[in-house]
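Examination of the molecular architecture
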Amino acid sequence: MKKFALVAALLFGVAISAFAQEGYQFTDKKVIGKTVPITNQYRSGTCWCFSTLSFLEEDIIAFGGEEMTLSQMWVVRHAYFDKAIKYVRLHGNLNFAVGGAAHDVTEMIAKYGIVPLEAYPGYNYGTTMPEFGEIDAVLKAYVEAIIKNENGKLTTAWINGLNAILDAYFGVRPEKFTYKGKEYTPKSFAESLPVKMEDYIEFSSFTHHPFYSTFALEVPDNWMWGEMYNLPLAEMTQIVYATLEAGHPVAWGTDVSEKGFNGGKAIGVVPESVEKNLIGSDAEKWGKLSDAEKRAKINNLEGPMKEMTITQEMRQEAFDNYQSTDDHGMVIVGTAEDQAGNPFFKVQNSWGESGPYKGFYYFSRPFFEYKTMDIMVHKSMVPKEIMKKIGLK
């Protein structure tokens, strides 16, 4: 009976019935040549930084450079400084929190340079991993105090005070450092890399702005008001496949608050209604379950299932209704398939070497199509016909 049920499910385009219990099995297809070690953002909301730096480190390798680990806290420290300045200028009418976007990283490197991790670990507060509960609260309280002061104007000391707080928690920034026997400044080290920050480009796909134009994605963490190119969904997806095929990674901003995401199993899918995929005794068993039991069966992701067909309209509705938010940043490093031949992306996370794949996750193509907020790639990876449509060479 079990064998029959599995065959029936496959015939219906489903690789599992709710009772088959076989689990997902993934086969990697096209994976970039070299991934850097999995990082751990730990108790901080800095996924945008950890993921984008891993993305850049892997792109450096793909462009012929050497493997290295760049300082996450160097970027976070400078982003917090710039964010504080803007927050005060806007009288507090800005999201002042630890969240950010991929372009925060490229902009901070372009402005302040970059250093290797050993030159600036950034944990100057008694831990060896990022724990931001105190840092976030102290910085928010400080900028609020600056705005609400009763002097009628700002003092000449407030920026020095801001830097003093940042130096206390992250460490004093080195003006020069030695790396592999050679002396650098943060700027000269950035210039020595085989990639340039101005060559990175972001894309999104929403209908409330014209396609092939730029817009600032309206999410709280886009405090910088960074702009990206708006493309039809099919073309945004095409860029990802073209980039991976060329052996390069993709920085990915997405939403992992979906019920089809299971962090413990390291899988993200967008399940279609289960009822229409079951027949015979399996359908009968399913019908006897309570709603809570049905949800548990779906959320447990016990094996491949038929997923929703994602449209441009579905993406827009989810964004307009706050169902898709700027939730998490990761790195797409390859393509894969489950045992039923359904397409997935292999994704590198920054939650440590956890889960069955030691820090890597698998997200279905429908999940990508539905829940992608934005992607970043090196502009040389973008197909020429798309570059022409957005007016770039």
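For the structure given in this document, a descriptive report is provided here. Sequence order sets the numbering: in each chain, residues are counted from 1 along the sequence as written. The predicted nature of this model means local features are confined to residues of pLDDT at least 70 and side-chain atom pairs, given and counted, to a pLDDT of 80 or more, with totals for whole chains, interfaces and linings taken over all residues. Hydrogens and water molecules were not included; the side-chain quantities draw on all heavy atoms of the structure.

1. Quick notes on the overall build of the protein chain
- Put simply, DSSP H or I for four residues or longer makes a helix, DSSP E for two residues or longer makes a strand, and each gets a number counted from the N terminus. Helix and strand counts for the protein chain come out as 13 helices and 13 strands.
- We call a residue buried when its accessible area falls under 20% of the maximum for its residue type, exposed when it is over 50%, and partly exposed in between, using a 1.4 Å probe and counting protein chains only. Taken over 393 residues, the protein chain has a buried fraction of 54%.
- What makes two residues a contact is simply this: any of their non-hydrogen atoms within 4.5 Å. In the protein chain, once contacts between residues fewer than 6 apart in sequence are set aside, the share between residues at least 24 apart is 77%.

2. What to know about the environment of L233
- Position of L233 among the secondary structure elements: in helix α8 (residues 233–245).
- Classification of L233 by relative accessible area gives buried; the value is 8%.
- Remark: the alpha-carbon pair of L233 and R315, spanning 82 residues in sequence, is separated by 9.0 Å.
- Apart from residues lying up to four places away in sequence, L233 is in contact with S205, I310, Q312, R315 and E369.

3. Regarding the nonpolar core
- By size, the foremost hydrophobic cluster in this structure holds 93 residues, and its most contacted members are V75 and F203.
- When residues in this core are grouped by element, the largest group, 11 residues, is from helix α3 (residues 72–89).
- Residue contacts for F203: discarding those within four places in its chain leaves M228, Y229, L231, M236, I239, M373, D374, I375, V377, V382 and I390.
- Among buried residues, those of type Ala, Val, Leu, Ile, Met, Phe, Trp, Tyr and Cys that are joined through side-chain atoms within 4.5 Å constitute a nonpolar core. Among the nonpolar cores identified, the runner-up in size contains nine residues, and I267, V269, A336 and F344 belong to it.

4. Some thoughts on the pairing of strand β12 (residues 360–364)
- In terms of residue burial, β12 counts as a mostly covered element, since five of its five residues are buried.
- Strand pairing is defined by DSSP finding a minimum of two bridges between the two strands. Strand direction decides the pairing type here: strand β9 (residues 267–268) and β12, joined by two bridges, are parallel. Residue pairing in the sheet places I267 in a bridge with Y362 of β12.
- Relative to β12, strand β11 (residues 343–348) is paired through five bridges, and the arrangement is antiparallel. For F344, the partnering residue across the bridge sits in β12 and is S364.

5. Brief notes about the packing of aromatic side chains
- A pair of aromatic rings is counted whenever rings of Phe, Tyr or Trp (Trp by its six-membered ring) have centres within 6.5 Å, and the orientation is called stacked for planes under 30 degrees apart, edge-to-face for over 60 and tilted otherwise. Overall, the coordinates contain 30 aromatic pairs when judged by the stated rule.
- Ring centres 6.0 Å apart and planes at 70° place the aromatic pair Y24 and F344 in the edge-to-face group. Placement of Y24 in the loop between α1 (2–11) and β1 (26–31) and of F344 in strand β11 is noted, with a sequence separation of 320 residues between them.
- One aromatic cluster is present, formed by Y241, W252, F261, F345, W351, Y361, F363, F367 and F368 through successive ring pairs.
- One residue, K83, lies across the ring of Y80, its end atom 5.5 Å from the ring centre.
- As a reminder, the over-ring test applies to NZ of lysine and CZ of arginine, requiring each to be within 6 Å of the ring centre and within 35 degrees of the ring normal. Its guanidinium or amino end placed over the ring of Y370, K371 lies 4.5 Å from that ring's centre, counting from NZ or CZ.

6. Quick word on unusual backbone geometry
- A positive phi angle is found at K180, which is not glycine, with a value near 55°.
- In this structure, K180 sits in the loop between β2 (177–179) and β3 (182–184).

7. What about the environment of N40?
- Structurally, N40 is set in the loop between β1 and α2 (47–62).
- A C-alpha to C-alpha distance of 4.3 Å links N40 and G352, two positions 312 residues apart in sequence.
- A polar contact is formed between the side chain of N40 and the backbone nitrogen of Y42, at a distance of 2.8 Å. In protein, a polar contact means a hydrogen-donor-capable atom and an acceptor-capable atom, both N or O and within 3.5 Å, with residues adjacent in sequence counting only if both atoms are side-chain atoms; elsewhere, any N or O pair within 3.5 Å suffices.

8. Some details on the state of the cysteines
- The disulfide criterion used throughout: a pair of cysteine sulfur atoms within 2.5 Å. If you walk through the whole model with that rule in mind, you get zero disulfides.
- The structure places no disulfide on C49, whose sulfur is separated from the nearest cysteine sulfur, that of C47, by 9.7 Å.
- The buried category is assigned to C49, whose relative accessible area is 0%.

9. Re the pattern of salt bridges
- Put simply, a salt bridge is a Lys or Arg side-chain nitrogen that is within 4 Å of an Asp or Glu carboxyl oxygen. Counted by the stated rule, this structure contains 12 salt bridges.
- Of the charged contacts in the structure, one is a salt bridge between D82 and K111, with a shortest N-O distance of 3.0 Å. Within this pair, whereas D82 is found in helix α3, its partner K111 is found in helix α4 (residues 102–112), the two being separated by 29 residues in sequence.
- For K111, a relative accessible area of 45% corresponds to the partly exposed category.

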